[in-house]
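# Results of the structural survey
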Amino acid sequence: MKIIVIIPTYNEKANIEKMVPLLEKDILPRIKNHQMGILIADDSSPDGTRGVVEKYMKEYKNLFLLEGNKEGLGAAYARAMRYAIDKLDAYAVIEFDADFQHDPHDLPRLVAAMDESYDYVIGSRYIPGGAIPKEWGLHRKILSKFGGLFARIVWMNFSIHDITSGFKLTKSEYLKKVDLEHLYSKAFAYKLHVLHDVVKMGAKVKEIPIIFYERKEGVSKINKKESFESMFVVLRLKFDDSVRIIKFLFVGGTGFIVQLLAQEGSARLLHFPDSFAVGIGAEMAILSNFLINHFWTFSDTHHIKESSSFWMKLVKFNIASLGSIIIQVAAIWLAELALGPNMHIYGFMVKTRIAILFPAIIFLVIPLNYIIYNKIIWKTQYLKKNLIVEENRVL
Ligand code: GDD
Ligand code: MN
């Protein structure tokens, strides 16, 4: 398979001068079962990095150069990844720094992990065997660790230990599905966006320990504003992921209004008996909730072949709604059995049925409905699989 090592450069002449021959002569020939290539993504470095690469290109036919304007590390990677996939037909790409902070000798280990059938391999500084430069002061160590911790907490994903690593391998079949032209950052935080999307698609992830060395030549291009931008990108991606639940809650709210309108309308305007009007109100709310959820909250699930027909979904939705009523009745019945018809809260006497209704709805009915809608009615769990199956067909 063809694997492209992408090396972004901005004023890395001294490093590239040593890195290219080391990779070409010593490291890449060790990876015998793949066709390896190097793509330098240079941003018109004023120090003449380009000239060095062009000189080496005469010697090494698997060395490529992509020039651009300096927009940031993320922009350079997005451009280079697109080029590696579309023009160089890469099966996988590796993100790799020019400045020897990543040990070139670790490259074969990343590829070996891919050969073990992993889709996304992360060179990790924060697992046993990995390390950050011992020369770093406490402040820098904490800052480095904090960035990743923030993402892990916000995303509630603790299975990946080094979120901000700049050394990784990604199979193109996943990268192709990432909207590289619209990443939320053109700078260092691009990597959070790519990682988030690739993991969400269900890629098989492996972390392998790496030692991250101190830079020897040239200067770092990272600056303080990167950490704020990273936090912003993490939150924005979390918001995207929460859109479904926000819509679901909103639909629940509209249902309440529909119920009230239908109930009062049929009682006052059509003079239906009260109990009948309540029934109409409830069923109207169920219907409108179903329709809005189907055509809005879950509109991205219509193509899923594992899910049932529109009418079957409507039946299931009605059953789930009935279930919600039963849960509320049961919760209040049990609470009254245990606590009596009245409760004392901070010295106030409150009816148990009122005190229990809100927690029952918030902690039981809403979460349970959300799970049932996702798993049983609209089957969002097949969204991930579909992506990959589709991809296999294309390949
Ligand atoms: N083309 C291009 N354009 N290359 C860039 C740009 C840019 O705007 N900014 C940085 N680079 C290149 C550098 O020339 C170097 O090869 C590589 O990207 C990494 O840049 P550094 O400036 O050395 O980054 P760092 O050492 O501070 O950050 C490293 O560690 C971080 C985690 O601690 C990188 O690996 C980051 O990706 C990683 O998050
Ligand atoms: Mn560096």
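Residues numbered from 1 in each chain as written. Chains lettered and ligands numbered in written order. Predicted model: local features only at pLDDT ≥ 70, side-chain atom pairs only at ≥ 80, totals over all residues. Heavy atoms only, no water.

The next subject is the coordination of the manganese ion (ligand 2). Of the protein atoms, only Asp 99 (OD) and Gln 101 (OE1) coordinate the manganese ion (ligand 2), at distances of 1.9 to 2.0 Å. As far as burial versus exposure is concerned, Asp 99 and Gln 101 are alike and both buried. (Donors = N, O, S within 2.8 Å, 3.2 Å for Na, K, Ca; no water. Buried < 20%, exposed > 50% of the residue type's maximum accessible area, 1.4 Å probe, protein only.)

The environment of ligand 1 is made up of 25 residues, and the closest members are Glu 12, Asp 97, Gln 101, Lys 191 and Lys 221. Between ligand 1 and Arg 125, the relevant distance is 2.7 Å, taken from an oxygen atom to a side-chain nitrogen or oxygen of the residue. Within the complex, 95% of the 740 Å² of free accessible area of ligand 1 lies under protein. Partitioning the shell around ligand 1 into residue classes produces nine nonpolar, seven polar and nine charged. (Near = heavy atom within 4 Å. Polar contact = N/O pair within 3.5 Å; in protein donor to acceptor, adjacent residues only side chain to side chain. Areas by Shrake-Rupley, 256 points an atom, 1.4 Å probe, with all protein chains shown as cover. Nonpolar A, V, L, I, M, F, W, Y, C, P; charged D, E, K, R; others polar.)

Between helix H1 (residues 13–27) and helix H2 (residues 49–59), the shortest axis-to-axis distance is 9 Å and the interhelical angle comes to 20°. In terms of their interaxial angle, H1 and H2 are classed as roughly parallel. Both H1 and H2 take part in a crossing whose hand is right-handed. Between H1, through Lys 13, Ile 16, Glu 17, Val 20 and Pro 21, and H2, the contact on the second element is made entirely by Thr 49, Val 52, Val 53, Lys 55 and Tyr 56. (Axes fitted to C-alpha atoms, helices over the stretch in contact; angles between N-to-C directions. Helix = DSSP H or I, 4+ residues; strand = E, 2+ residues; numbered from the N terminus. Parallel < 35°, antiparallel > 145°, perpendicular 65-115°, else oblique. Left-handed = near helix turned anticlockwise from the far one by under 90°. Contact = heavy atoms within 4.5 Å.)

All right, on to helix H4 (residues 107–115) then. Along H4, the residues classified as buried are Leu 107, Leu 110, Val 111, Ala 113 and Met 114. What you see down the axis of H4 is that its buried residues fit within an arc of 155°, all on one side. Backbone geometry just downstream of H4 places Ser 117 in the positive-phi region, at approximately 85°. (Arc of directions from axis to C-beta.)

For the protein chain, the domain assignment lists domain 1 (2–222) and domain 2 (243–394). Taken over C-alpha atoms, the centre of domain 1 sits 46 Å from the centre of domain 2. (Domains from an automatic or database assignment.)

Let us look at the environment of Ser 144. The topology assignment puts Ser 144 in helix H5 (residues 138–155). For Ser 144, a relative accessible area of 15% translates into the label buried. Along the primary structure Ser 144 and Ser 227 are separated by 83 residues, whereas in three dimensions their C-alpha atoms are 9.1 Å apart. Excluding its chain neighbours within four sequence positions, the residues that come into contact with Ser 144 are Arg 125, Tyr 126, Trp 136 and Thr 164. Among the polar contacts made by the side chain of Ser 144, one reaches the side chain of Tyr 126 at a distance of 2.3 Å.

With that settled, the discussion passes to the confidence of the model for the protein chain. Averaged over all residues, the pLDDT of the protein chain equals 93, while 97% of them reach at least 70. Note on residues 386–395: pLDDT is under 50 here. Beyond four places in sequence and across chains, it has 16 contacts. (pLDDT = per-residue confidence, 0-100.)

Below, the discussion takes up the sheet that holds strand S4 (residues 92–95). What the seven strands build is an open sheet, ordered S3-S2-S1-S4-S6-S5-S7; its pairing is mixed. The open sheet terminates on both sides in strands that have one partner only, identified here as strand S3 (63–67) and strand S7 (205–209). On average, each strand axis in the sheet is inclined to that of its neighbour by 20°, with strand direction left out of account. Bridge analysis of strand S2 (residues 35–42) against S3 gives five bridges, and the strand direction is parallel. Opposite Ile 38, over in S3, you have Leu 63 as the bridge partner. Packing against the sheet, helix H7 (residues 190–200) makes contact with S4, strand S5 (120–124), strand S6 (168–171) and S7, and its axis sits at approximately 135° to S5. (Pairing = 2+ DSSP bridges.)

The next point concerns unusual backbone geometry. Despite not being glycine, Ser 44 shows a phi value in the positive range, around 50°. Among the structural elements, Ser 44 can be located in the loop between S2 and H2. Using a relative accessible area of 42% as the deciding quantity, one classes Ser 44 as partly exposed. Here Lys 379, not a glycine, exhibits a phi torsion of approximately 50°, which is positive. Positionally, Lys 379 belongs in the loop between helix H11 (352–377) and helix H12 (381–394). Classification of Lys 379 by relative accessible area gives buried; the value is 18%.

Further remarks concern the nonpolar core. Ile 6, Leu 39, Trp 155 and Leu 192 are the most contacted members of the largest nonpolar core, which has 39 residues in total. Residue assignment for this core shows that the elements contributing at least two residues are strand S1 (2–9), S2, helix H3 (73–86), S5, H5, helix H6 (172–175), H7 and helix H8 (225–269). Considering every element that reaches this core, the biggest residue donor is H3, with seven residues. Apart from the residues lying within four places of it in its own chain, the contact partners of Ile 6 are Leu 39, Ala 41, Tyr 77, Ala 80, Met 81, Ala 84, Val 93, Ile 94, Glu 95 and Phe 96. Listed in part, the 33 residues of the second largest apolar core include Val 20, Leu 107, Ala 113 and Met 114. (Core = buried A, V, L, I, M, F, W, Y, C linked by side-chain atoms within 4.5 Å.)

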